[in-house]
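# Fold and contact review
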Amino acid sequence: MSQDVIIEVHDLYRRFGRIMAVNGISFSVKRGTVVGFIGANGAGKTTTMRIMTTLDFPNGGMVKVSGFDTVNSPNEVRRRIGWMPDAFGTYENVTVWEYLDFFARAFGYKGADRQKRLLEVMEFTELSPLASRDMSKLSKGQTQRLCLARTLIHDPELLILDEPAAGLDPKARIEFKQLVNLLARQGKTVFISSHILSELGEMCDTLVFIDQGRLVHHGDAQTLKAGGAKSLIEVKVSENVETLLNWVSMNPGMKVYETMQNGARLTFENPSDDFAREALRRMILDGIAVSDFHRQERRLEDVFVEMLKQSNAPATTPQLPERTMSVTPPPLPPPLLTHPPTT
Amino acid sequence: MKFSFTHFTDHLSPVLVKELRQGLRTRAFIAFFLILQALLILTVFGDLGESLGASSKGRGGSSEVFWFFIGAALLYFLPLRGFWAVSTEIKSNTLELIFLSHLTAWRIVVGKWTSLMAQTFLFVCAVLPYMLLRYFVGGINLIEDFQILLIMFLGSACLTAFSVAVSAFNSKIATGLFSFGGIILISVLGAFITTFGRRGTSISESDFYIIFLSLGSLFLMTMLLVGASKIAPPAENFAKWKRIMALLGLVISISFMAFDIAPELSLVVVALLTFFICFIALGEEPRFIPSICKPFVRKGALGRLSGRFFYPGWPSGVRFTLCVTVILFLAASLSSEINHKSIIFTLALLASLLAPLALLKLIPLNSEGVERLGYFPLQIGLLIASYALMILAQIFNVWRDFIEVIIPHTTVAKLAFDAGRTNDWGVPAVYFGFLSAASLVILIVKMIPLDRKMRETEQIAIQEIEQEKQTTTVS
């Protein structure tokens, strides 16, 4: 395994009764990157993450963290990771300081070193004012920060965060995102799953899409989003949207991608600037009251939904046989974005 | 490390520190502590009233109440808290977070138990002033009272270990089954001890304490190991430690025989504990993880041979059970003459352990079915069925002799309690012998592919050890 690869997932399978939660996925993660792990509910994200953290074990395949097998060398793996689950319980009658103090002790910090480390972590996560508060009385956002603080106590090189922003209010979400960005700048590898895809897009260097336990896509976030930038045009009108939709239906080379309250998002078959300019000119000539016309970067949500559609299409999802160790992962779907980005 | 009073808690287990902080603040603990104090004050006043007012009527009523309250606290209420020790952590998803620190399953379980015992010790300390007050009121033997308190404290330690072990079972069915088995074990052990006490056998007070302390510690350690093994990650081999406990029990029992310290009692208690461990060993699924094999293969051929008895899983469990049965049989023959009954008992015991496992291995079930019809549910089912059949046979007075031996569990229970009524043991001996041998043959056949896989795993472990050596040499 290369030194700059921190996570190596190879042909991973996990079955729960008749349900195949993880179905032969393989990917690797480079050290120092922020990786978004995307999938619908039940796609196998949490199961994969739990195997990475040694909390579950695979039925087939393997996961290595910093070269250590998660089943064979769990203690080595645990030393290197910080795990933040999507849901965790709180203790009654335990303050924020005591909670972190317990984990610091559990990680082997003693005496003054422990106190120093606790102060550092609490300062980083802005928990110092809450030190003496009972942890069961914290808000959701504060609890998430506390959980992150616990994750950071032993200064792990890899952080695995499962839906860390779920249930947070917008302010807490922004604060949390800032913390993750800070950690990324410190050189930590962050493997993060979330349903808020726009946030993942801003934070992540790489995105891993999974669906029904299978890998759908593994690639660079910027390329993924920017790849479709020229094909999506957002048009706003100052009159009835129906007029615009009728006009689009009568003109070849373009389609309505999404209808909005005061306009629509259109896809153009020809991504060139000339085609867009000509379309705008014709719209105005045909009396459409265009108030805004601009190219739009592809949203991650769109990419995700399209990938799911392609993944579930019969042509691209061959029926896999019952799990055996020799089954190879299904072929990746064809590239979503066919047009290279133009400047 | 130099001891510093400022950071003296650094020398304690993190789990103990956390649990004490948490436990001492709970309302239930505070309320219970205060209520007990109030009740003890009342009993001391009762003592005082008795000694002042009615000396002619004699003492005893308030003393019984005094010990009832302490007994209820130490042997019931305080051990009861152990049932939530690990289960609450599992349910609230916090146990996994602890696992990802440097704490092992063993340290977590022991930390929980120690914390509960520390709180129990606090209760015991709070009781001491009342004992002294009663002494000054008069009419009691303080040394005797201290002895009773000590025995209760030690009993509380064992029961707390049992409840902590039960709390590690995540499934309600498993908890129920383990509790059922554990309660039977505790009841049988208690019954044996009281029976021996009542009979007025030649057990001296010192011998009683030796037996109580050694076998109690064995029980306690076994329970904590069972609890730790339930929550441990698959790469940790707790089967080894549980089986070592069984062997340690055998050594203790043989030592007692050699020094003539209640040989029969110790043998029966150790046999029960040992077969409880064998019972658990036979219900384990084998795990083929190189890191489990590493400590064994490092010790060469002898280590690999010992691995055949100490790897987790039923194949090594079958070998271990056979080995333990032979040792126990030989130990029993040392203490008394080998008679037909002891041979029957050994064969019936072996059949009761192996036959259900062989039956289970013969049934072609998918993994879900196997999970549902596991070794433990099958054993408990057979036990219940055998007793139900026996009761029916007694009610209708038909096939009594036949039903008593058809399921070996009934014979084992009857002979263990020295209550076998069948005079002709010839036919059952052949039957149990055949059942044991047939089960063994089936299990050996089923073991062959698993043993092959284990040898492959050992080879991987050897390769990994070689790689580690090379890496160390290079670095």
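Residues numbered from 1 in each chain as written. Chains lettered and ligands numbered in written order. Predicted model: local features only at pLDDT ≥ 70, side-chain atom pairs only at ≥ 80, totals over all residues. Heavy atoms only, no water.

### Points about the overall build of chain A
What chain A contains, in helices and strands, is 11 helices and 14 strands. Counting all 343 residues of chain A, 52% fall into the buried class. Taking the contacts inside chain A whose residues are at least 6 apart along the sequence as the reference set, 69% of them involve residues at least 24 apart. (Helix = DSSP H or I, 4+ residues; strand = E, 2+ residues; numbered from the N terminus. Buried < 20%, exposed > 50% of the residue type's maximum accessible area, 1.4 Å probe, protein only. Contact = heavy atoms within 4.5 Å.)

### A look at unusual backbone geometry
All names here are of chain A. A positive phi angle, close to 50°, is found at serine 66, a residue other than glycine. Structurally, the position occupied by serine 66 is in the loop between strand S4 (60-65) and strand S5 (68-69). The phi dihedral of glutamate 163 is positive, around 45°, even though this residue is not glycine. For glutamate 163, the position within the fold is in the loop between strand S7 (158-162) and helix H6 (170-185). On the accessibility criterion, glutamate 163 (8% relative accessible area) is buried.

### Focus: helix H1 (residues 14-23) of chain B
Think of an α-helix as turning once every 3.6 residues; residues three or four places apart then point the same way. The buried fraction of H1(B) amounts to 8 of the 10 residues, a majority that puts the element mostly inside the structure. Along H1(B), the positions that sit buried rather than exposed are Pro14(B), Val15(B), Leu16(B), Val17(B), Lys18(B), Glu19(B), Gln22(B) and Gly23(B).

### Here's the deal with the interface of chain B and chain A
Each partner contributes residues to the interface: chain B has 33 residues there, and chain A has 37 residues. Here chain B meets chain A over a buried area of about 3,200 Å², counting both sides, of which 56% is carbon and sulfur. Among the residues chain B hides against chain A, the three largest losses belong to Leu97(B), Leu100(B) and His102(B). Together they make up 21% of the total. At the boundary of chain B with chain A, the tally comes to 5 salt bridges. Counting only elements with at least two residues in the side of chain B that touches chain A, the list comes to H1, helix H5 (95-99) and helix H12 (290-297) of chain B. By residue number, the principal contributor to the side of chain B that touches chain A is H1(B), which donates 6 residues. Taken together, the residues that form the side of chain B that touches chain A break down as 14 nonpolar, 11 polar and 8 charged. (Buried area = accessible area lost by both parts, 1.4 Å probe. Salt bridge = Lys/Arg side-chain N within 4 Å of Asp/Glu carboxyl O. Nonpolar A, V, L, I, M, F, W, Y, C, P; charged D, E, K, R; others polar.)

### Focus on the sheet that holds S5(A)
Residue and element names in this part refer to chain A. Reading across the sheet, the 4 strands line up as S2-S1-S4-S5 and stay open at both edges, with antiparallel pairing between neighbours. Each end of this open sheet is capped by a strand with a single partner; those strands are strand S2 (19-30) and S5. Most of the contacts of helix H1 (residues 45-52) go to strand S1 (residues 5-16), to which it runs at about 120°, and overall it touches S1, S2 and S4. (Pairing = 2+ DSSP bridges. Axes fitted to C-alpha atoms, helices over the stretch in contact; angles between N-to-C directions.)

### Considering the environment of Arg295(A)
Residues and elements named next belong to chain A. Relative to the helices and strands, arginine 295 resides in strand S14 (residues 290-295). C-alpha of arginine 295 to C-alpha of isoleucine 233: the two residues are 62 residues apart in sequence and 4.4 Å apart in space. A polar atom in the side chain of arginine 295 sits 3.4 Å from the backbone oxygen of serine 272. (Polar contact = N/O pair within 3.5 Å; in protein donor to acceptor, adjacent residues only side chain to side chain.)

### Thoughts on the environment of Ala118(B)
Residue position: Ala118(B) is located in helix H6 (residues 105-137). C-alpha separation for the pair Ala118(B) and Leu16(B), spaced 102 residues apart in sequence, amounts to 8.9 Å.

### Describing the pairing of strand S12 (residues 254-260) of chain A
Residue and element names in this part refer to chain A. Here S12 pairs with strand S13 (residues 263-268) via 6 bridges, running antiparallel. If you follow methionine 254 over to S13, its bridge partner there is phenylalanine 268. Count of turn residues in the S12/S13 antiparallel hairpin: 2 residues.

### What about the packing of aromatic side chains?
Between two aromatic rings, the relevant description is the distance of the centres plus the angle of the planes. In total, this model carries 23 aromatic pairs over all chains according to the counting rule given. Ring geometry for Phe268(A) against Phe275(A): centres 5.3 Å apart, planes inclined by 75°, an arrangement best described as edge-to-face. The class of Phe268(A) is buried, set by a relative accessible area of 4%. One aromatic cluster is present, formed by Phe29(B), Phe32(B), Phe33(B), Tyr76(B), Phe77(B) and Phe123(B) through successive ring pairs. In this structure, Arg14(A) is placed above the aromatic ring of Phe57(A), and the distance from its NZ or CZ to the ring centre is 5.2 Å. The lysine or arginine in question, Arg243(B), covers the ring of Phe320(B), its NZ or CZ lying 5.9 Å from the ring centre. (Phe/Tyr/Trp six-rings, centres within 6.5 Å; stacked < 30°, edge-to-face > 60°. Lys NZ or Arg CZ within 6 Å of the ring centre and 35° of its normal.)

### With respect to the packing of helix H3 (residues 96-106) of chain A against helix H4 (residues 111-124) of chain A
All names here are of chain A. For the pair H3 and H4, interaxial distance at closest approach is 10 Å and the crossing angle is 125°. Between H3 and H4, the angle falls in the class oblique. In the packing of H3 onto H4, the handedness of the crossing is right-handed. Contact with H3, carried on its side by Val96, Trp97, Leu100, Asp101, Ala104 and Arg105, involves Arg114, Gln115, Leu118, Leu119 and Met122 of H4 and no other residues of that element. When grouped by side-chain class, the residues that make up the contact of H3 with H4 number 7 nonpolar, 1 polar and 3 charged. (Parallel < 35°, antiparallel > 145°, perpendicular 65-115°, else oblique. Left-handed = near helix turned anticlockwise from the far one by under 90°.)

### Comments concerning a nonpolar patch on the surface
Residue and element names in this part refer to chain B. Taken together, the side chains of Leu389, Ile391, Leu392, Ile395, Phe396, Val398, Trp399 and Phe402 define a hydrophobic patch exposed on the protein surface, amounting to about 880 Å² of accessible area. Tallying contributions element by element places helix H17 (residues 375-396) first for the nonpolar patch, with 5 residues. As for its position among the elements, isoleucine 395 is in helix H17. The class for isoleucine 395 is exposed, based on a relative accessible area of 57%. (Patch = residues over 30% accessible without salt bridge, like charges linked within 9 Å, V, L, I, M, F, W, Y side chains within 5 Å. Areas by Shrake-Rupley, 256 points an atom, 1.4 Å probe, with all protein chains shown as cover.)

### Some points on the confidence of the model for chain B
Across chain B, pLDDT averages 82, with 85% of residues at or above 70. With a pTM of 0.79, the predicted complex shows an ipTM of 0.79. (pLDDT = per-residue confidence, 0-100.)

### Some remarks on the sheet that holds strand S11 (residues 232-237) of chain A
All names here are of chain A. Strand order in this open sheet of 4 strands is S12-S13-S11-S14, and the pairing throughout is antiparallel. Each having just a single partner strand, S12 and S14 make up the two edges of the open sheet. When the angles between neighbouring strand axes are averaged without regard to direction, this sheet yields 25°. Pairing between S11 and S14: 5 bridges, direction antiparallel. Opposite glutamate 234, over in S14, you have histidine 294 as the bridge partner. Sheet strands touched by helix H9 (residues 241-250): S11, S12 and S13. Its angle to S12, the strand with the most contacts, is close to 160°. On the sheet, helix H10 (residues 273-285) packs against S11, S12, S13 and S14 and is oriented at approximately 170° with respect to S14.

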